[in-house]
Amino acid sequence: MDDKKPRACEGCRALKVRCEPDGSECRRCVKAGRRCVVTTPSRKRQKKTDSRVSELERKIDALTASLQARRRRKMVKKKRGRRGEDEDVEEEEGYDEEEEEEDEDEDEVDVVDRGLLSMQLACQLLERYTGMMMPHLPAVVIQSGPEAASTLRTTKPTLFLALLTAASTQHPSLQGRLQGILMRALAHKIMVAGEKRLELVQALQVSVIWYWPPERMEELKFYQLDGGDDDGGGG
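About the criteria used
Residues numbered from 1 in each chain as written. Predicted model: local features only at pLDDT ≥ 70, side-chain atom pairs only at ≥ 80, totals over all residues. Heavy atoms only, no water. Helix = DSSP H or I, 4+ residues; strand = E, 2+ residues; numbered from the N terminus. Buried < 20%, exposed > 50% of the residue type's maximum accessible area, 1.4 Å probe, protein only. Contact = heavy atoms within 4.5 Å. Areas by Shrake-Rupley, 256 points an atom, 1.4 Å probe, with all protein chains shown as cover. UniProt positions renumbered as here; feature names shortened; annotations may be inferred. Axes fitted to C-alpha atoms, helices over the stretch in contact; angles between N-to-C directions. Left-handed = near helix turned anticlockwise from the far one by under 90°. Nonpolar A, V, L, I, M, F, W, Y, C, P; charged D, E, K, R; others polar. Patch = residues over 30% accessible without salt bridge, like charges linked within 9 Å, V, L, I, M, F, W, Y side chains within 5 Å. Salt bridge = Lys/Arg side-chain N within 4 Å of Asp/Glu carboxyl O. Parallel < 35°, antiparallel > 145°, perpendicular 65-115°, else oblique.

Asks: I tried to follow the overall build of the chain on my own but got confused; where do I start?
Replies: The helix and strand tally for the chain stands at eleven helices and two strands. Going through the 235 residues of the chain one by one, you find that 31% of them count as buried. For the chain, the share of sequence-separated contacts (at least 6 apart) that also reach a separation of at least 24 residues comes to 54%. About 16200 Å² of surface is accessible on the chain, with carbon and sulfur atoms providing 50% of the total.

Asks: It is not clear to me how the UniProt feature "domain: Zn(2)-C6 fungal-type" (unreviewed entry) in the chain should be interpreted in this structure. Could you clarify?
Replies: Here the UniProt-annotated "domain: Zn(2)-C6 fungal-type" (unreviewed entry) positions come out as residues 8-38. In this annotation, residues 8-38 is assigned 39% helix and 13% strand; the end-to-end C-alpha distance for the span is 7 Å.

Asks: What should I look at first to understand the packing of helix H8 (residues 157-167) against helix H9 (residues 172-192) in this one?
Replies: When two helices pack together, their arrangement is given by the angle between the helix axes and the distance between those axes. Packing of H8 against H9 brings their axes to within 9 Å, and their N-to-C directions diverge by 145°. Crossing angle aside, the handedness with which H8 passes H9 is left-handed. Where H8 abuts H9, its residues Thr158, Leu161, Ala162, Leu164, Thr165 and Ala166 lie against Gln175, Leu178, Gln179, Ile181, Leu182, Leu186 and Lys189. Residue composition of the contact of H8 with H9, by class: eight nonpolar, four polar and one charged.

Asks: Got a minute to help me understand a nonpolar patch on the surface in this structure?
Replies: Together, Leu67, Met191 and Val192 make up an exposed nonpolar region whose accessible area comes to about 300 Å². Look at Leu67 and you get partly exposed, because its relative accessible area is 41%.

Asks: What am I meant to see in the packing of helix H6 (residues 119-133) against H8 here?
Replies: The geometry of H6 relative to H8 is characterised by a closest axis approach of 9 Å and an angle of 75° between their N-to-C directions. On the basis of their axis angle, the class for H6 and H8 is roughly perpendicular. Each of Met119, Ala122, Leu125, Leu126, Arg128, Tyr129 and Met133 in H6 lies in contact with H8, whose residues at this interface are Phe160, Leu163, Leu164, Ala166 and Ala167. When its residues are assigned to classes, the contact of H6 with H8 shows eleven nonpolar, no polar and one charged.

Asks: Explain the pattern of salt bridges to me, please; I cannot follow it from the model alone.
Replies: Where charged atoms from two side chains of opposite charge come close, those side chains can pair. As enumerated under the stated definition, the model contains six salt bridges in all. One salt bridge connects Asp113 with Arg153, and the closest N-O pair in it is separated by 2.8 Å. Taken together, the residues Asp113 in the loop between helix H5 (97-103) and H6 and Arg153 in helix H7 (residues 146-155) connect sequence positions 40 residues apart. On the basis of relative accessibility, which here comes to 61%, the residue Asp113 falls in the exposed class. Classification of Arg153 as buried rests on a relative accessible area of 19%.

As structure tokens, this is what we get:
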């Protein structure tokens, strides 16, 4: 005996009501005096969707494996310090040495340690943010002062970098470098590493609200400009 629940007729499906079969027709259709039609569901669309999902899953697995393999090679390179063998691997895999060296700095968001600016200048930029920028758009509120800046640098380095980037408009060359480091860091932490932290949300808010268009318009990041306009930001 087949205990499978019968499929609802087209009339009841259209009205989104319970279908009550009574022989060859349902009670609602009989009462309404309309023809009761029950169609057989097609499995073609479901099978096509399943195949596309499987294909996407295979691609994701391949990309994940590639990223993990690349990380392992970079870790081996750092630990052993061997250049000859690693260069052979890079040539075979088609890696660019300059690109790899740039990727190694993706987690290094402490621009003070990297020598891009002094802690004194960093404090001045944060004072500019708290005194001139934050009162107008207090989406991300921080305390002012050298001690607060030092604490922020230690506990929330990505947000620290985002604030420095937003407040460094008077130093165009520095802001350009900070912007590049910030974008790579956010992309790596969110898209590659899959990190989910309030600090990253705050850093994104700051970078979107206080987005300043570049001198060369071909470098304009429209996704940030749109977000800034919605919030009434610097874009």
